[in-house]
Amino acid sequence: MDNFAEQLVRREPTSSDKTKKILIYGGGILLTVILIVVAFILGFGSLLSMLSVILAVGAGYGTYFLGQSTYVEYEYTFTNGDLDIDKIVAKKKRSSLISANVRSFTAFGKYNENLEETSDMTVVLSSDNIASHEYYADFEDEEYGSVRLIFSPDEKMLENIKRVLPRTLRYSL
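Rules behind the numbers
- Residues numbered from 1 in each chain as written.
- Predicted model: local features only at pLDDT ≥ 70, side-chain atom pairs only at ≥ 80, totals over all residues.
- Heavy atoms only, no water.
- Helix = DSSP H or I, 4+ residues; strand = E, 2+ residues; numbered from the N terminus.
- Pairing = 2+ DSSP bridges.
- Axes fitted to C-alpha atoms, helices over the stretch in contact; angles between N-to-C directions.
- Salt bridge = Lys/Arg side-chain N within 4 Å of Asp/Glu carboxyl O.
- Buried < 20%, exposed > 50% of the residue type's maximum accessible area, 1.4 Å probe, protein only.

A.B. asks: Hey, could you run me through unusual backbone geometry in this one?
C.D. replies: Where the residue is not glycine, phi is negative for most of them; where a peptide bond is considered, it is trans in most cases. Of note in the backbone geometry, Ala 90 takes a positive phi value of approximately 55° without being a glycine. You can see Ala 90 is positioned in the loop between strand 3 (82-89) and strand 4 (93-101).

A.B. asks: For this particular structure, what's the right way to read the sheet that holds strand 2 (residues 72-79)?
C.D. replies: In any sheet, the strands associate via hydrogen bonds between backbone groups, in a parallel or an antiparallel arrangement. Spatial ordering of the open sheet is given by 1-2-3-4, a layout of four strands whose pairing is antiparallel. Edge strands, defined here as strands with exactly one partner in the open sheet, are strand 1 (4-10) and strand 4. Shown here is a sheet whose adjacent strand axes are inclined to one another by a mean of 15°, direction ignored. Two elements, strand 2 and strand 3, share eight bridges in a ladder whose sense is antiparallel. Directly across from Glu 73, in strand 3, lies its bridge partner Ile 88.

A.B. asks: Is there a simple way to explain the pattern of salt bridges in this structure?
C.D. replies: Side-chain pairs of opposite charge can arise whenever the charged atoms involved come near each other. Scanning the model with the defined rule gives six salt bridges in all. The shortest N-O distance in the salt bridge between Arg 94 and Glu 75 comes to 2.4 Å. Linking Arg 94 in strand 4 with Glu 75 in strand 2, this pair joins segments that are 19 residues apart in sequence. Between Arg 148 and Glu 117 there is a salt bridge, with its nearest N and O atoms 4.0 Å apart. Highlighted residues: Arg 148 in strand 8 (residues 145-151) and Glu 117 in the loop between strand 5 (107-110) and strand 6 (122-126), separated in sequence by 31 residues. According to the relative accessible area criterion, Arg 148 is buried, its value standing at 3%.

Here is the structure:
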């Protein structure tokens, strides 16, 4: 029987994300308005006014596009011991973050700030930014070397992960 679980986690915006969004929308709207005012001042018959309108439309679209890029979700897919994590930006652009075999985990548990990280460790943060939900997993990866994965699995995902964890880690939970 195949073990399969899938979970979609929306990253809660941090204060820096909120500030970034305000600056993007504020600056974009201001630039768009300035370009439209320039078009009115120059009169609609000139080439510069038409260029200003085209730039205003581009600035408006760019503002929308950059503002949407602050919406981030992570998709966890667990299939027969393999955990794949994808990052989804603005519900449009998907990129694979990391894939790991749960049987190769060297450490697993509830994440807290006091866990030591080595200087050569690659940290992959794919959680919802709510500390009480976060778990960590340490493992070796061919591409990244020593990896610490910080993620927010739900109960079904945790259940599937715990089934295939190495025996020593399973009993230490």
